[in-house]
Amino acid sequence: MPRRLFVVEGADQGRYYALPEEGAVIIGSSERHCDIVLNDLYAARAHCEIAVQGGKAIVTDLSTPTGTLVNKQKIERHELAWNDVIRVGNTHLRFEEGEVPAGETIQPRVRPDPDAVPEVPREKLAKLSGCKLGHYQLGEVIGVGHFGTVFKARDLKKEADVALKVLGPEFPANDAEMNRFVLVVKPMLAVRHPHLVTVLGAGRSHNYMWIARELVVGENAADLIARHRKQKRIDWRIGYRLAVHVGRALDFAARHHWSHLNLTPANILIAADGTARLNDLMMHKALGGSVLDQAVRKQKERAEAAWLAPEQTEPGAYVDDLADQHRLGAIVYAVLTGRLPFEDDDPEHLRRRIRGEFPDKPTRHQKSIPIELQAVVLRLLAKHPEERYANPAQMLAELAAVGKANRL
């Protein structure tokens, strides 16, 4: 609906000034400083600002000596209602709706909103770098996933850096998706564990959903595996430590009846001190079945096929948190050997191999791996869920024995 200002009293009486659909204009007497210039000796050079955003029009006094009045009351900041009268110097402007009379409109210059955020598709979310979402200033891109893009961002309230994940604009598609997201994410805000990435907040700004998490400076397990692929000798203690750390995170999750079900190397962040942290816990439940999930599912399954548990390769099969054990086993195998348990360029062939074949023993590729650690990894990679550990605590107990035997 068009908005306009009509001068009911003053030197410019009878003039109309159109307001933008979105944006801000400054009213005053200076052509250099203002977008709406009044012929009023009593108006300050830059007297007040009217910002239009999200269907609201807000007038703000710019700290002028005489002040800005709305309906004869001095204001600092005021949300305008239809037919409110703004006094600037000796000029009275009425805030109106309706069509602007032809030939009687003076179009003001419109300054771009400094907080404006462009509308971009999921594939181009990197363009939001430099924008502000809520009280977060987006910086460089530090990760790109299937559901969205992760930025290093500055929390302007706490003056701290965070990792801010911006989801694709397809989400949420409806109230049901939003409600499910809130129900899942809200409990995560209170979770603190040394091997889980802390969720600091979540919200929606400029039609983008975002999740703020602690910023882990270091690398992820995918970087680690890529580096180990190029090495002839690999220190097995790195894989051991990762198994223990992620195992502790899974044990904590299991005690709260939570699961991950999308464990990949990219979801394991490794800080500079070697501490591994599991990221994206419960995101499968927060986003699963959404329009966004359906849009990326095929691409996501192809990219992450190597980490699937056997039961996840069969449509309709029952899947629970025991799938997390298998996926952890595949990741630890790759960290220990620099090789994936199974590799195949054909996605369907790869799925069949995961279901029906057994991987090489890790010691075939790295002889220094303790036999006891190898046994843990191969049990994690068992084809049938019931052949894995009943819970992560059992796995941690066996890993503790490996550590004790090797004086770790």
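Residues numbered from 1 in each chain as written. Predicted model: local features only at pLDDT ≥ 70, side-chain atom pairs only at ≥ 80, totals over all residues. Heavy atoms only, no water.

Participant: Hey, could you go over the packing of aromatic side chains for me, with residue numbers and the actual values?
Facilitator: Evaluation of the coordinates by the stated rule reveals six aromatic pairs. Each ring, one from F6 and one from Y16, has its centre 4.6 Å from the other, and the planes form 35°; the classification is tilted. With F6 in strand 1 (residues 3–9) and Y16 in strand 2 (residues 16–19), this pair connects stretches of sequence that are 10 residues apart. As far as burial versus exposure is concerned, F6 and Y16 are alike and both buried. Its end group placed over the ring of Y389, R379 keeps NZ or CZ at 4.1 Å from the ring centre. (Phe/Tyr/Trp six-rings, centres within 6.5 Å; stacked < 30°, edge-to-face > 60°. Helix = DSSP H or I, 4+ residues; strand = E, 2+ residues; numbered from the N terminus. Buried < 20%, exposed > 50% of the residue type's maximum accessible area, 1.4 Å probe, protein only. Lys NZ or Arg CZ within 6 Å of the ring centre and 35° of its normal.)

Participant: Could you give an account of the sheet that holds strand 14 (residues 136–144), with specific residues and numbers?
Facilitator: Taken in spatial order, the six strands of this open sheet run 13-14-15-16-18-17, and their pairing is antiparallel. At either margin of the open sheet sits one strand with a lone partner, and together these are strand 13 (132–133) and strand 17 (199–205). Taken together, the six bridges between strand 14 and strand 15 (residues 148–155) define a ladder with antiparallel strand orientation. Considered in strand 15, the bridge of V144 is made with T149. Helix 1 (residues 175–188) rests against strand 16 (160–167), strand 17 and strand 18 (208–214) of the sheet, and its axis sits at about 155° to strand 17. (Pairing = 2+ DSSP bridges. Contact = heavy atoms within 4.5 Å. Axes fitted to C-alpha atoms, helices over the stretch in contact; angles between N-to-C directions.)

Participant: Now, about the side chain of T68: what can you tell me, with residues and values included?
Facilitator: Mapped onto the secondary structure, T68 falls in strand 7 (residues 68–70). Looking at T68, the relative accessible area reads 0%, which means it is buried. At a separation of 2.6 Å, a polar atom in the side chain of T68 contacts the side chain of D61. Apart from residues no more than four positions distant in its own chain, T68 is found in contact with H47, C48, V59, D61, Q73, K74, I75, I86 and R87. (Polar contact = N/O pair within 3.5 Å; in protein donor to acceptor, adjacent residues only side chain to side chain.)

Participant: Any chance you could break down helix 8 (residues 371–380) for me, citing the residues and the numbers?
Facilitator: Turning to helix 8, its buried residues number three or more, namely L373, Q374, V376, V377 and L380. Angular distribution of buried residues about the axis of helix 8 spans 160°; they occupy a single face of the element. In this structure, the buried side of helix 8 is in contact with helix 3 (236–255), helix 6 (322–337) and helix 9 (392–405). (Arc of directions from axis to C-beta.)

Participant: So what's going on with helix 6? Residues and values would help.
Facilitator: Given 3.6 residues per turn, any residue in an α-helix points the same way as the ones three and four places further on. Its 16 residues give helix 6 an end-to-end C-alpha distance of 23 Å, which sits within 8% of 22 Å, the value for a rise of 1.5 Å per residue. Along helix 6, 16 of the 16 residues are buried, which leaves the element largely enclosed by surrounding structure. G338 occupies a position one or two residues after helix 6 and carries a positive phi of about 75°. (Expected span 1.5 Å × (residues − 1).)

Participant: Outline the sheet that holds strand 21 (residues 276–278), supporting the account with residue identities and numerical values.
Facilitator: One open sheet accounts for three strands, arranged 19-20-21; its pairing is antiparallel. Here the strands that pair on one side only, and so sit at the sheet edges, are strand 19 (218–220) and strand 21. Taken pair by pair, the neighbouring strands of this sheet meet at an average axis angle of 25°, ignoring direction. Direction of pairing for strand 19 relative to strand 20 (residues 268–271): antiparallel, over a ladder of three bridges.

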